[in-house]
Amino acid sequence: MRGAFGLLDRYVLRRFVGAYGLCLFGFVTLFLVVDFFSLLDNVLASEKAIEKAGYSLWPLVGEYYLTKLPLILTTVGPFLTLFAAIATLITFGRHNELTPMIAAGRSHHRVLAPVYASAVLAVFALVATEEYVLPQAMQRNDAIENLIKGGDRGDSRRPPHIRDSETGNAFAARTWLPSQRRLVDVHAPAYRDPSGRLPDGKFDAASVAWRIHPETREIGWFPVDGTLTPFVGAHDGVLPDPVRLPPDRPIAFKVDPSEIDLQTEAGEPGLSRTELAALIARYPQKNELRMQLYTRTTRPISGLVLLLLGLPFVTRPGQRTIAAGLGVALGTCAVYVGVDFFARQIGNRGELAPLVAAGLAPSLFGAIGLARIDRVSG
């Protein structure tokens, strides 16, 4: 009984895994119900487009939620460790099971050893899921979501501001259509043509498309309904009339479509560490990319940190109600998330080094949890 992973350890582990499964089932069910009803109008409106694409409506909706499960798991997984541990301890307390375990000669930490081991394994499982499962799942999920929400419009996405490091031009677009390799509603407040054929000015276009010119074989971004309003000749704050750009001549924009894909996905889950590293090498000034890379490690670790932080509150004498345990879990998670969110925001803005910002909440609360670990008592 006192050996490593004996009968009592298996019993505690079984209760913890059961509680973890129930918590996960509850969170996932709540999310699916809320998300389904918010998506229902789009699903019904896109039924014809889905059938036109060769899919059946409800099997595709089922696949949509199946491919979204890894995102849900990596998002709520760190918090579920604390919730499951609290549920396990509250259950032990209500049935007076903890006292005999302690009376048998085990310390509270020894009783909770399977919980600690499970929390460590959960960290590695979440890291592996986010790195090897989530990218492929989100790629498929994005395609299905674009079909459901876009209907006949296709796989539209909202791109960030795109800066061309070679020409110095920065473009803003309303929509990026990956399958068509086309940016829609494109603007550049200060456009410069390195060849000197066009004056500096304000660029506007209904769209720009990446293609090969059928005659000249030039490859580049060709404008549709493009205009350039020159800065030269402006007087009294009034710009001269815009000049229409020829649609058969590419604009000064050297960014590859694959880079736009990566930049568009950079603000969303689903990029692997390799893709994030490639983006960082290309855009070293973007602090938010470094923040995403570092939080790939700190987010799973937060589950273990929250466990160490919350257990001392739950194992106090007299703490035997579910409401009290739930309150401790929610309060601990809320404080942690608030501090972590604040640190990430200042890290994204460059006011704090991204590595420091990403590790601030885990380090701070981890130190508090370790300092209070001796208070885990019944």
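Description of the structure in this document. Position numbers for residues start from 1 in each chain and track the written sequence from start to end. Totals for whole chains, interfaces and linings use every residue, but because this is a predicted model, local features are given only for residues with pLDDT of at least 70 and side-chain atom pairs only at 80 or more, for both listing and counting. Values shown for side chains rest on all heavy atoms present in the structure; no hydrogens or waters enter the calculation.

**Quick look at the overall build of the protein**
Thinking step 1. Every helix listed is a DSSP run of H or I at least four residues long, and every strand listed is a run of E at least two residues long, numbered separately from the N terminus. Scanning the protein from N- to C-terminus turns up 12 helices and seven strands.
Thinking step 2. For the protein, buried positions account for 45% of its 378 residues.
Thinking step 3. Residue contacts follow a heavy-atom distance rule, with two residues in contact if any of their heavy atoms lie within 4.5 Å. By sequence separation, contacts in the protein at least 24 residues apart represent 64% of the contacts at least 6 residues apart. Note on classification: 1.4 Å probe, protein chains only; a residue is buried when its accessible area is under 20% of the maximum for its type, exposed when over 50%, partly exposed between these limits.

**A short note on the nonpolar core**
Thinking step 1. Within this scheme, the nonpolar core is defined by two criteria: the residues are buried Ala, Val, Leu, Ile, Met, Phe, Trp, Tyr or Cys, and they are joined through side-chain atoms within 4.5 Å. Ranked by size, the top nonpolar core spans 38 residues in total, and within it I86, M101, V115, L307 and L311 carry the most contacts.
Thinking step 2. When residues of this core are traced back to their parent elements, those giving at least two are α1 (7-45), α4 (69-94), α5 (98-103), α7 (113-150), α10 (287-314), α11 (322-348) and α12 (354-371).
Thinking step 3. Looking at which element gives the most residues to this core, the answer is α4, with 11 residues.
Thinking step 4. In this view, L307 contacts T81, L82, A85, V115, Y116 and A119; residues no more than four positions away in its chain are not counted.
Thinking step 5. Of all hydrophobic cores here, the second largest spans 28 residues; its members include A173, L245, V255 and L262.

**What to know about the side chain of K68**
Thinking step 1. Looking at where K68 falls in the secondary structure, it is placed in the loop between α3 (57-66) and α4.
Thinking step 2. When charges are tallied, Lys and Arg are placed among the positive residues and Asp and Glu among the negative ones, while His and the ends of the chain are skipped. In what follows, salt bridge is the name for a side-chain nitrogen of Lys or Arg lying within 4 Å of a carboxyl oxygen of Asp or Glu. Comment: no salt bridge for buried K68; closest opposite-charge side chain is D35, at 4.1 Å.
Thinking step 3. For the purposes of these results, a polar contact is taken to be a pair of N or O atoms within 3.5 Å, where, inside protein, one atom must be able to donate a hydrogen and its partner to accept one; residues adjacent in sequence count only when each atom of the pair is a side-chain atom. Side-chain polar atoms of K68 contact the side chain of Y64, separated by 3.0 Å.
Thinking step 4. In this view, K68 contacts F31, D35 and N141; residues no more than four positions away in its chain are not counted.

**As for the pattern of salt bridges**
Thinking step 1. Tallied over the full model, the rule gives 12 salt bridges.
Thinking step 2. Salt-bridge contacts for E97 lead to R15; the nearest nitrogen and oxygen are separated by 3.5 Å. Pair noted here: E97 is in the loop between α4 and α5 and R15 is in helix α1, with a separation of 82 residues, a long-range link.
Thinking step 3. Take R15: its relative accessible area is 24%, and that puts it in the partly exposed class.
Thinking step 4. E63 is paired through a salt bridge with R140; the nearest N and O atoms lie 2.8 Å apart. Of this pair, E63 sits in helix α3 while R140 sits in helix α7, and the two are 77 residues apart along the sequence.

**A short note on the environment of T229**
Thinking step 1. Tracing the backbone shows T229 in strand β6 (residues 227-230).
Thinking step 2. You can call T229 buried: its relative accessible area is 11%.
Thinking step 3. Sequence separation between T229 and P199 is 30 residues, and the spatial gap between their C-alpha atoms is 8.8 Å.

**Notes on the pairing of strand β5 (residues 219-224)**
Looking along a regular strand, one sees side chains alternate from face to face of the sheet.
Thinking step 1. One ladder, built from six bridges, connects strand β4 (residues 201-212) with β5; its direction is antiparallel. Directly across from S207, in β5, lies its bridge partner V224. Two strands pair under a simple rule: DSSP has to find at least two bridges between them.

**Thoughts on the side chain of T298**
Thinking step 1. Of note, T298 is situated in helix α10.
Thinking step 2. Overall, the relative accessible area of 13% leaves T298 in the buried class.
Thinking step 3. Among the polar contacts listed, one links the side chain of T298 to the backbone oxygen of A358, at a separation of 3.5 Å.
Thinking step 4. Here T298 is in contact with Y336, A358, G359 and P362, once residues within four sequence places are set aside.

**As for the environment of R296**
Thinking step 1. Take R296: it is sitting in helix α10.
Thinking step 2. Its relative accessible area of 6% is what places R296 among the buried residues.
Thinking step 3. Residues R296 and L126 lie 170 residues apart in sequence; the distance between their C-alpha atoms is 9.4 Å.

**Considerations on the packing of helix α9 (residues 273-282) against α10**
Thinking step 1. Each axis is a line fitted through C-alpha atoms, and for a helix only the stretch in contact is used; angles between axes span 0 to 180 degrees, taken between their N-to-C directions. Viewed as axis vectors pointing N to C, α9 and α10 meet at an angle of 155°, and their least axial separation amounts to 9 Å. Put simply, α9 runs roughly antiparallel to α10. Taken as a pair, α9 and α10 cross one another with a handedness that is left-handed. On the side of α9, the interface is formed by R273, L276, L279 and I280, while α10 contributes L289, R290, Q292, L293, R296 and T297.
Thinking step 2. Charged means Asp, Glu, Lys or Arg here, nonpolar means Ala, Val, Leu, Ile, Met, Phe, Trp, Tyr, Cys or Pro, and polar covers whatever is left, Gly included. By residue class, the composition of the contact of α9 with α10 is five nonpolar, two polar and three charged. Each angle is binned into one of four classes, with values under 35 degrees roughly parallel, values over 145 roughly antiparallel, values of 65 to 115 roughly perpendicular, and all other values oblique. Handedness of a helix crossing follows the sense of rotation of the near helix relative to the far helix, less than a right angle counterclockwise being left-handed and clockwise being right-handed.

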